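Observations on the three-dimensional arrangement
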Amino acid sequence: MSDAALSTALTELVGVRHPVVQTGMGWVAGPRLVTATANAGALGILASATMTVDQLRSAVREVRSRTDAPFGVNLRADAGDAAERVRIIVDEGVRVASFALAPSRELIARLKDAGVVVIPSVGARRHAEKVAAWGADAVIVQGGEGGGHTGSVATSVLLPQVVDAVDIPVVAAGGFHDGRGLVAALAYGAAGIAMGTRFLLTSDSTVPDAVKARYLAAAVTDVTLTTKVDGLPHRMLRTELVDALERSGRAASLVRAVRHAAAFRRESGASWARMVRDGVAMKRGRDLTWSQVLLAANTPMLLKASMVEGRTDLGVMAAGQVAGLIDDLPSCAELVDRVMTEARTTLRGLSHTG
């Protein structure tokens, strides 16, 4: 079976060879990983939320200098400087803009007018319907198995629900790591799959070796869902730190959040005024309490401690449940080739069944 047999609405929309997306993971999806993914024929997405504006422009230019293949940038739609980041995407000729939260109708229109493909990530049918009505070109729908902030509905239930509700390409995320999963997603009506944890665990990922070793050693039951990090459901590896956070009281959590908010302000170069504006937008967009908004400052710095500094004792490790099924560190090229080869083998087996 040839590559053409797995051409989908996703590959046609964004111009990649394979219907596979590497998600925009903070502190993880930098120029090296995105370039390796793009050169492998999949869609790599830069994570910009943990970058300053200048760092984002530099990262985009670095990827463009290393590959001619399409790639994307993930944005926080509620960020105070979202318009400035959109300008970089447009000016630098980035093919795809993805969003962790639903972008506004105006933001979608601005990107589409500039020829940028808009692919928001959603966790519910109603969110998919909203962004589709506003002009989004496709959606990534993540089920509860996915890592990081996630919902409670399993991919196998959420995916067909969204596919039936919208008439734009749907990319499935949450629980995928191989070619069999790709075929399953296609059978549900998806146009491809998006993977985070699987791409994090590659030799092209800049995540420290000690952290990768913790992921590889994890069983499915070692991946947990907690609200103690930032007040929202967050799937990650269970560690002694996570257990300690689960036992901590509200006062201790808020003190820790203030400390981390100050650290993230220094790291990102953001002013307190901008952080307050972003907090107001986040509160409005997610219907959070002010305590939850403050707790949200935990996430970037706790993730940085592990994903950048290698401190598994001080940081958290976002992880999809598939972490318990992964036991090697292929290159992105090897991973994508493996996924596509297995998908074709699976499809041939299905065509011969009965």
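Cut-off values and rules
- Residues numbered from 1 in each chain as written.
- Predicted model: local features only at pLDDT ≥ 70, side-chain atom pairs only at ≥ 80, totals over all residues.
- Heavy atoms only, no water.
- Helix = DSSP H or I, 4+ residues; strand = E, 2+ residues; numbered from the N terminus.
- Contact = heavy atoms within 4.5 Å.
- Areas by Shrake-Rupley, 256 points an atom, 1.4 Å probe, with all protein chains shown as cover.
- Pairing = 2+ DSSP bridges.
- Axes fitted to C-alpha atoms, helices over the stretch in contact; angles between N-to-C directions.
- Salt bridge = Lys/Arg side-chain N within 4 Å of Asp/Glu carboxyl O.
- Buried < 20%, exposed > 50% of the residue type's maximum accessible area, 1.4 Å probe, protein only.
- Right-handed = clockwise from strand over helix to strand, strands pointing away.
- Core = buried A, V, L, I, M, F, W, Y, C linked by side-chain atoms within 4.5 Å.
- Arc of directions from axis to C-beta.
- Left-handed = near helix turned anticlockwise from the far one by under 90°.
- Nonpolar A, V, L, I, M, F, W, Y, C, P; charged D, E, K, R; others polar.

Check the secondary structure of the protein and you find 16 helices and 11 strands. Within the protein, counting contacts between residues at least 6 apart in sequence, those at least 24 apart form 62% of the total. A total accessible area of about 14,700 Å² is found for the protein, and carbon and sulfur atoms account for 51% of it.

Our focus in this paragraph is the sheet that holds strand β3 (residues 71-75). With respect to topology, eight strands assemble into a closed barrel ordered β1-β2-β3-β4-β5-β6-β8-β9, the strand pairing being parallel. The sheet shows a mean angle of 25° between the axes of neighbouring strands, direction not considered.

Across the sheet, which stays open at both edges, the three strands sit in the order β7-β11-β10 with antiparallel pairing between neighbours. Looking at strand neighbours, the two that pair on one side only are β7 (148-149) and β10 (223-226), the edges of this open sheet. As defined by bridge partners, β10 adjoins strand β11 (residues 234-237) across four bridges and the pair is classed as antiparallel. Within β11, the position partnered with Val 223 by the bridge is Leu 237. The sheet strands contacting helix α11 (residues 240-247) are β10 and β11, and the helix crosses β10 at an angle near 25°.

Applying the stated criterion to the full structure yields 14 salt bridges. A salt bridge links Arg 64 to Glu 92; the shortest N-O distance between them is 3.8 Å. On the criterion of sequence distance, the pair formed by Arg 64 in helix α3 (residues 53-66) and Glu 92 in the loop between α4 (82-91) and β4 (96-99) is long-range, its members being 28 residues apart. As a salt-bridge pair, Arg 180 and Glu 342 come within 3.5 Å of each other at their nearest N and O atoms. Here Arg 180, found in helix α8 (residues 179-188), pairs with Glu 342, found in helix α16 (residues 332-351); they are 162 residues apart in sequence, far enough to count as distant. Relative accessible area serves as the criterion here: at 25%, Glu 342 is assigned to the partly exposed category. Through salt bridges with shared partners, a single network forms among Arg 57, Arg 61, Arg 64 and Glu 92.

Across the six residues that make up strand β5 (residues 117-122), a large majority, five, are buried. Where β4 meets β5, four bridges bridge the pair, whose relative direction is parallel. For Ala 97, the partnering residue across the bridge sits in β5 and is Val 118. At this point the chain moves from β4, through helix α5 (residues 105-113), to the parallel β5, and the crossover so formed is right-handed. In the sheet, β5 pairs with strand β6 (residues 139-142) via two bridges, with the strands oriented parallel. Directly across from Val 122, in β6, lies its bridge partner Val 141.

Turning our attention to the environment of Trp 27. Here Trp 27 shows up in the loop between β1 (20-22) and α2 (31-39). In the structure, Trp 27 is positioned 281 residues away from Val 308 in sequence and 6.6 Å away in space, judged by C-alpha atoms.

Ranked by internal contacts, the top residues of the largest apolar core, which has 59 residues, are Tyr 215, Met 307 and Val 316. The element best represented in this core is α16, accounting for six residues. Filtering out sequence-adjacent residues up to four positions away, Met 307 remains in contact with Trp 27, Val 28, Leu 200, Thr 206, Val 207, Pro 208, Val 211, Tyr 215, Val 316, Met 317 and Ala 318. Counting 23 residues, the second largest nonpolar core, distinct from the first, contains Val 34, Leu 75, Phe 99 and Leu 111.

The next subject is the pairing of β3. Looking down a regular strand, the side chains alternate between one sheet face and the other. Of all five residues in β3, five are buried, a share of seventy percent or more. Burial along β3 is two-sided: the face carrying Phe 71, Val 73 and Leu 75 and the face carrying Gly 72 and Asn 74 are both buried. The sheet contact formed by strand β2 (residues 43-47) and β3 spans four bridges and is parallel. Paired with Gly 44 across the two strands is Phe 71, which belongs to β3. Tracing the backbone out of β2, into α3 and back to the parallel element β3 gives a crossover that is right-handed. The sheet contact formed by β3 and β4 spans four bridges and is parallel. When the bridges of β4 are listed, Val 73 appears paired with Ala 97. Once you follow β3 into α4 and on to β4, the crossover reads as right-handed.

Moving on to α11. Within α11, the full set of buried residues consists of Leu 241, Val 242 and Leu 245. Around the axis of α11, the buried residues are gathered within 100° of arc, so they sit on the same side. Among the exposed residues of α11, those oriented more than 90 degrees off its buried face are Glu 240 and Arg 247.

By the burial criterion, the buried members of α8 are Gly 179, Gly 181, Leu 182, Val 183 and Ala 185. Residue Gly 189 follows α8 closely and has a positive phi angle near 110°.

This brings us to the packing of α2 against α3. Across the interface, α2 lies against α3 with an axial gap of 9 Å and an inter-helix angle of 35°. The chirality of how α2 crosses α3 is right-handed. Packed against α2, whose contacting residues are Pro 31, Arg 32, Val 34, Thr 35 and Asn 39, the element α3 presents Ala 59, Glu 62, Val 63 and Arg 66 at the interface. Partitioned by chemical class, the residues of the contact of α2 with α3 number four nonpolar, two polar and three charged.

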